[in-house]
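These are the residues of each chain, in order.
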Amino acid sequence: MTDKRIPRVNLPPDARPDTLAVREGLPRTPWGENSEALFLTSSFVQPDAATAAARFANEEEAFIYSRFSNPTVTMMERRLAALEGTEACIGTASGMAAIMLLVMGLLKAGDHVVCSQSVFGSTIKLLQGEFGKFGVQSTFVSQTDVGEWRAAMRPETKLLFAETPSNPLTEVCDIRALAEIAHAGGALLAVDNCFCSPALQRPVEFGADLVIHSGTKYLDGQGRVMAGAICGTADVIEGKLTPVLRSAGMSLSPFNAWVVLKGLETLSIRMQAQSARALALARWLQEQPAVTRVYYPGLPSHPQHELAMAQQAGCGGAVVSFIARGDTPEEARRNAFAVIDATRICSISANLGDTKTIITHPASTSHGRLTEEQRLAAGITQGMIRVAVGLDDVEDIETDLARGLRSL
Ligand SMILES: Cc1ncc(COP(=O)(O)O)c(C=O)c1O
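Note that the structure is a prediction, hence the values are computed from the model and not measured.

Caption draft 1: Structural view of the overall build of the protein chain. Helix and strand content of the protein chain: 14 helices and 12 strands. The C-alpha atoms of the protein chain give a radius of gyration of 22 Å, which matches the 22 Å a tight globule of 408 residues would have. Taken along its principal axes, the extent of the C-alpha atoms in the protein chain is 75 × 50 × 35 Å. Taking all 408 residues of the protein chain together, the buried fraction comes to 55%. For the protein chain, contacts bridging at least 24 residues in sequence account for 73% of all contacts bridging at least 6. Surface summary for the protein chain: the accessible area is close to 17100 Å², and the carbon and sulfur share equals 53%. A gap of 3 Å separates the mean positions of the 37 positive and 44 negative side-chain charges of the protein chain.

Caption draft 2: Highlighting the side chain of arginine 78. Examined against the element boundaries, arginine 78 turns out to sit in helix H3 (residues 71-84). This buried residue, arginine 78, is left without a salt bridge; glutamate 61 holds the nearest opposite charge, at 4.7 Å. In terms of polar contacts, arginine 78 uses its side chain to reach the backbone carbonyl oxygen of glycine 25, at 3.4 Å. Here arginine 78 is in contact with Ile6, Pro7, Arg8, Glu24, Gly25 and Leu26, once residues within four sequence places are set aside.

Caption draft 3: Structural view of the sheet that holds strand E12 (residues 384-388). An order of E8-E9-E12-E11-E10 is seen for the 5 strands of this open sheet, with the pairing classed as mixed. The outermost strands of the open sheet, each flanked by one partner alone, are strand E8 (291-295) and strand E10 (347-348).

Caption draft 4: Inspection of the site of the ligand at higher detail. As a structural note, the neighbourhood of the ligand is formed by 13 residues, with Gly95, Asp192, Ser214, Thr216 and Lys217 the closest of them. Glycine 95 places a main-chain nitrogen or oxygen 2.8 Å from an oxygen atom of the ligand. Here a nitrogen atom of the ligand sits 2.6 Å away from a polar atom, N or O, in the side chain of aspartate 192. Burial of the ligand by the surrounding chains reaches 92%, relative to a free accessible area of 390 Å². For the shell around the ligand, the per-class residue count stands at 5 nonpolar, 5 polar and 3 charged.

Caption draft 5: Main features of helix H7 (residues 175-184). Of all the positions in H7, only Ile175, Ala177, Leu178, Ala179, Ile181 and Ala182 are classed as buried. Tucked into the core, H7 has its buried residues touching helix H6 (146-152), strand E4 (157-163), strand E5 (188-192) and helix H11 (305-311). Looking one or two residues beyond H7, the residue adopting positive phi is glycine 186, at roughly 70 degrees.

Caption draft 6: Representation of helix H5 (residues 121-133). For H5, which comprises 13 residues, the first-to-last C-alpha distance of 18 Å matches the rise-based estimate of 18 Å (1.5 Å per residue) to within 8%. Along H5, the residues that are buried comprise Gly121, Ser122, Thr123, Ile124, Leu126, Leu127 and Phe131. Elements that come into contact with the buried residues of H5 comprise helix H4 (95-106), strand E2 (112-116), strand E3 (137-141), E4 and helix H13 (372-377). In the segment just after H5, glycine 135 is the residue with positive phi, at about 85 degrees.

Caption draft 7: View of the pattern of salt bridges. Applying the stated rule across the entire model yields 16 salt bridges. Between glutamate 130 and lysine 133 there is a salt bridge; the shortest N-O distance is 2.9 Å. One end of the pair is glutamate 130 and the other is lysine 133, both in helix H5 and 3 residues apart, which spans about a single turn. A salt bridge links aspartate 400 to arginine 403; the shortest N-O distance between them is 3.0 Å. Of this pair, aspartate 400 and arginine 403 are both found in helix H14 (residues 394-405), 3 residues apart, which corresponds to roughly one turn of the helix. Classification of arginine 403 by relative accessible area gives partly exposed; the value is 31%. Via salt bridges that share partners, Glu36, Arg79, Lys262 and Glu265 belong to a single interconnected network.

Caption draft 8: Local environment of the pairing of E3. Bridge analysis of E2 against E3 gives 5 bridges, and the strand direction is parallel. Each residue of the ladder has a partner; that of valine 114, found in E3, is threonine 139. After leaving E2, the chain enters H5 and then returns to the sheet as E3, a path that is right-handed.

Caption draft 9: Looking closely at unusual backbone geometry. A cis amide bond, omega -5 degrees, links threonine 164 with the succeeding residue proline 165. Along the chain, the position of proline 165 falls in the loop between E4 and H7. Put simply, asparagine 167 and proline 168 share a cis peptide bond, and its omega is 5 degrees. Take proline 168: it is sitting in the loop between E4 and H7. Of note in the backbone geometry, asparagine 58 takes a positive phi value of approximately 65 degrees without being a glycine. Classification of asparagine 58 by relative accessible area gives partly exposed; the value is 41%. Its identity as a non-glycine residue notwithstanding, threonine 170 has a phi of 55 degrees, on the positive side.

Caption draft 10: Representation of the packing of helix H10 (residues 254-286) against H14. As a packed pair, H10 and H14 sit with axes 10 Å apart at the nearest point and diverge in direction by 30 degrees. The angle between the axes of H10 and H14 places the two elements in the roughly parallel class. Regarding H10 and H14, the two cross each other, and that crossing is right-handed. Counting all contacts with H10, which are made through Arg277, Ala280, Leu281, Trp284 and Leu285, the residues of H14 involved are Val394, Ile397, Glu398, Leu401, Ala402 and Leu405. Class assignment for the residues of the contact of H10 with H14 results in 9 nonpolar, no polar and 2 charged.

Here is what the cut-offs are and how they apply
Residues numbered from 1 in each chain as written. Predicted model: local features only at pLDDT ≥ 70, side-chain atom pairs only at ≥ 80, totals over all residues. Heavy atoms only, no water. Helix = DSSP H or I, 4+ residues; strand = E, 2+ residues; numbered from the N terminus. Rg over C-alpha atoms; globule rule 2.2 N^0.38 Å. Buried < 20%, exposed > 50% of the residue type's maximum accessible area, 1.4 Å probe, protein only. Contact = heavy atoms within 4.5 Å. Areas by Shrake-Rupley, 256 points an atom, 1.4 Å probe, with all protein chains shown as cover. Lys, Arg positive; Asp, Glu negative; His and termini not counted. Charge placed at Lys NZ, Arg CZ, Asp CG, Glu CD. Salt bridge = Lys/Arg side-chain N within 4 Å of Asp/Glu carboxyl O. Polar contact = N/O pair within 3.5 Å; in protein donor to acceptor, adjacent residues only side chain to side chain. Pairing = 2+ DSSP bridges. Near = heavy atom within 4 Å. Nonpolar A, V, L, I, M, F, W, Y, C, P; charged D, E, K, R; others polar. Expected span 1.5 Å × (residues − 1). Right-handed = clockwise from strand over helix to strand, strands pointing away. Axes fitted to C-alpha atoms, helices over the stretch in contact; angles between N-to-C directions. Parallel < 35°, antiparallel > 145°, perpendicular 65-115°, else oblique. Left-handed = near helix turned anticlockwise from the far one by under 90°.

Shown next as structure tokens:
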């Protein structure tokens, strides 16, 4: 905490999220720019040695060096914090860098994490493999069975980590129930809000302590840059995570922050539009004879449909997964590949959150580094295809998928 703080934009205190999405940040520079400036500078010039000393000692908040902070990054952080409804936010180089910073900043050897087994594959690798080497233990539990989370708690549990909806099965976990378990055990709950973004879901409203983002996804929204962020209280963000970022350097580039900052301005309308298209596609997929199952929280057939509607502002999000038919894992994989290879519009890629619709075979790409046992525990079979619906005309996407599906 510093005595002299960097000033805020002069907005009415009751400004609503759509206004904050386009205006929260830093005050304009003396030039009066309407679009936020991009500060591509690695360091900042200090007026004199005594001021420099005060700023390095954290007695006065100021920009010093872009590994620590940068005005464009600060603008992005403030805007995202406003949208998530948290006091503070810290930008990172990628979503995985955010998770690394979270663990480095909050845990030490001997501490324990309870994590859903359905989180993004690299999150499992990072917790189990990399942090396991440093003595942080993790237990992986069912995304949806609250009893498993409770049973996994130990005296040394410091963090619960959830991702909802999950990738690629779109399983929804009950944030409020997990927050209660965490707090009863003296732990914090972190929620990876990548799939919904604050436009659809604000985990802190349900009791989560920290919100994790891969800004690479919907926050940028047009597949341009890598970025990440953690939102939470000032105590945790400024008190525990900022000092680690300053030393370890997983900092967000100002250019990438600027792209995400501008992405946040259209986040809400993109999420609404992409979610509506995803619902239409999910309904269409349900009718296809070569599709044995559709995973989409917006469908009443989804096992956590009601919970999803309550947590996600009545929207299912923009990711739909489905299983192509096949009697054996080999046949299912061949069929999934045939559907993917028959597309002419969908981008065959592993990202999501883009305006361009992306099609993925999770078992061989995003979750390819997991063992078959880990994959099956997470419900990812060889016939599964994930579609991250963009802003393409949904009828064109249906035609694109029908080409392969009708050949099976
Ligand atoms: C849910 C989720 N969290 C975190 C990440 C990691 O983000 P990044 O690729 O920006 O490191 C991803 C990436 O796909 C993801 O899907």
